[in-house]
Amino acid sequence: MGVALGYARLSKSEAGAEDVPAIARQSEDMEAWAEREGHDLRVFSDVASGSRAGVKRPGWDALLRAVEENPGCVVVAWRLDRLGRRPQELERLVTALERSGSDLVILSE
C-alpha cells in the first residue's frame with residue numbers, strides 16, 4: 001500500500017453551520033478514492049481562507065511537512081481550490097511534490 005496525504009479545507013467565508021459536513025464530505029470522498037486505489041490515507045484539514053496572505057493554516061503546513069517526510073506519496077484533494085487560491089501556496093506544494101517524487105490527484109475537476 002502506498003501513502004496518500006489528503007487535504008480538506010473550508011474557506012472561512014463559507015464557514016457556518018455546515019463546517020463539519022463539508023470537511024467530512026471531502027474526507028469521505030478522499031477515503032473512498034484511497035480505498036479503491038489501495039492507499040493508506042492521512043487527512044489534514046483547515047477552516048481558513050485560501051486566498052488571503054498571512055492566514056495561518058496549520059493543516060496545510062503539516063501536509064507540506066508530511067510530503068517531505070513521505071517520498072513517493074500521493075497528495076489528494078477534493079478540488080484544486082481546496083489546496084489554496086494563492087499561486088505562492090500552490091507553488092510551495094509543487095516544489096515539495098517535485099522534491100519528494102510525489103504525485104497530486106484532484107478528485108472532482
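Further up the page is the structure itself.
**Describing the side chain of His-39**
Logical step 1: Here His-39 is to be found in strand β2 (residues 39–47).
Logical step 2: With near-sequence residues (within four places) excluded, His-39 lies in contact with Met-1, Gly-2, Val-3, Ala-4, Trp-33, Ala-34 and Val-74.

**Considering the pattern of salt bridges**
Logical step 1: Applying the stated criterion to the full structure yields six salt bridges.
Logical step 2: The closest approach of N and O atoms between Arg-57 and Glu-89, which form a salt bridge, is 2.4 Å. With Arg-57 in the loop between β2 and α2 (58–69) and Glu-89 in helix α4 (residues 87–100), the pair connects residues that are 32 residues apart, well separated along the chain. Taken as a pair, Arg-57 and Glu-89 share a single burial class, namely buried.
Logical step 3: Among the ionic pairs, Arg-82 bridges to Asp-81, the shortest N-O distance being 3.1 Å.
Logical step 4: Judged by relative accessible area, which is 2%, Arg-82 ranks as buried.
Logical step 5: Judged by relative accessible area, Asp-81 falls into the buried class, the value being 18%.
Logical step 6: One salt-bridge network, held together by shared partners, links Arg-79, Asp-81, Arg-82 and Arg-85.

**Looking at the sheet that holds strand β3 (residues 74–77)**
Think of a sheet as strands paired side by side through backbone hydrogen bonds, with each pair either parallel or antiparallel.
Logical step 1: With parallel pairing, four strands are arranged side by side in an open sheet as β2-β1-β3-β4. Here the strands that pair on one side only, and so sit at the sheet edges, are β2 and β4 (103–106). Taking the axes of each pair of neighbouring strands and ignoring which way they run, one obtains an average angle of 25° across the sheet.
Logical step 2: Inspection of the sheet shows strand β1 (residues 2–10) paired to β3 by four bridges, in the parallel sense. Looking across to β3, one finds that Leu-5 is bridged to Val-75.

**Here's the deal with α4**
Logical step 1: Over its 14 residues, α4 runs 20 Å from end to end, which matches the ideal 20 Å to within 8%, given 1.5 Å per residue.
Logical step 2: For α4, the set of buried residues is Glu-89, Leu-93, Ala-96, Leu-97 and Ser-100. Seen end-on, α4 carries its buried residues on one side only, within an arc spanning 100°. Pointing more than 90 degrees away from the buried face of α4 are the exposed residues Pro-87, Glu-91, Glu-98 and Arg-99.

How each quantity is defined
- The numbers attached to residues start from 1 for each chain and follow its sequence in the written order.
- Given that the model is predicted, a residue must reach a pLDDT of at least 70 before its local features are reported, and side-chain atom pairs must reach 80 or more before they are shown or counted; all residues, however, enter totals for whole chains, interfaces and linings.
- Hydrogens and water molecules were not included; the side-chain quantities draw on all heavy atoms of the structure.
- Strands here mean DSSP runs of E at least two residues long; helices mean DSSP runs of H or I at least four residues long; both are numbered from the N terminus.
- Contact definition: two residues touch when any of their heavy atoms are within 4.5 Å.
- Salt-bridge detection follows one rule: a side-chain nitrogen of Lys or Arg within 4 Å of a carboxyl oxygen of Asp or Glu.
- For each residue, the accessible area found with a 1.4 Å probe, counting protein chains only, is set against the maximum for its type, and the residue is called buried under 20%, exposed over 50%, and partly exposed in between.
- DSSP bridges decide pairing: two strands pair if at least two such bridges lie between them.
- Axis definition: a line fitted to C-alpha atoms, limited for helices to the stretch in contact. Angles are taken between N-to-C directions and run from 0 to 180 degrees.
- In this scheme, a helix's expected span is set at 1.5 Å multiplied by one less than its residue total.
- The arc in question is the one traced by the directions running from the helix axis out to the C-beta atoms.

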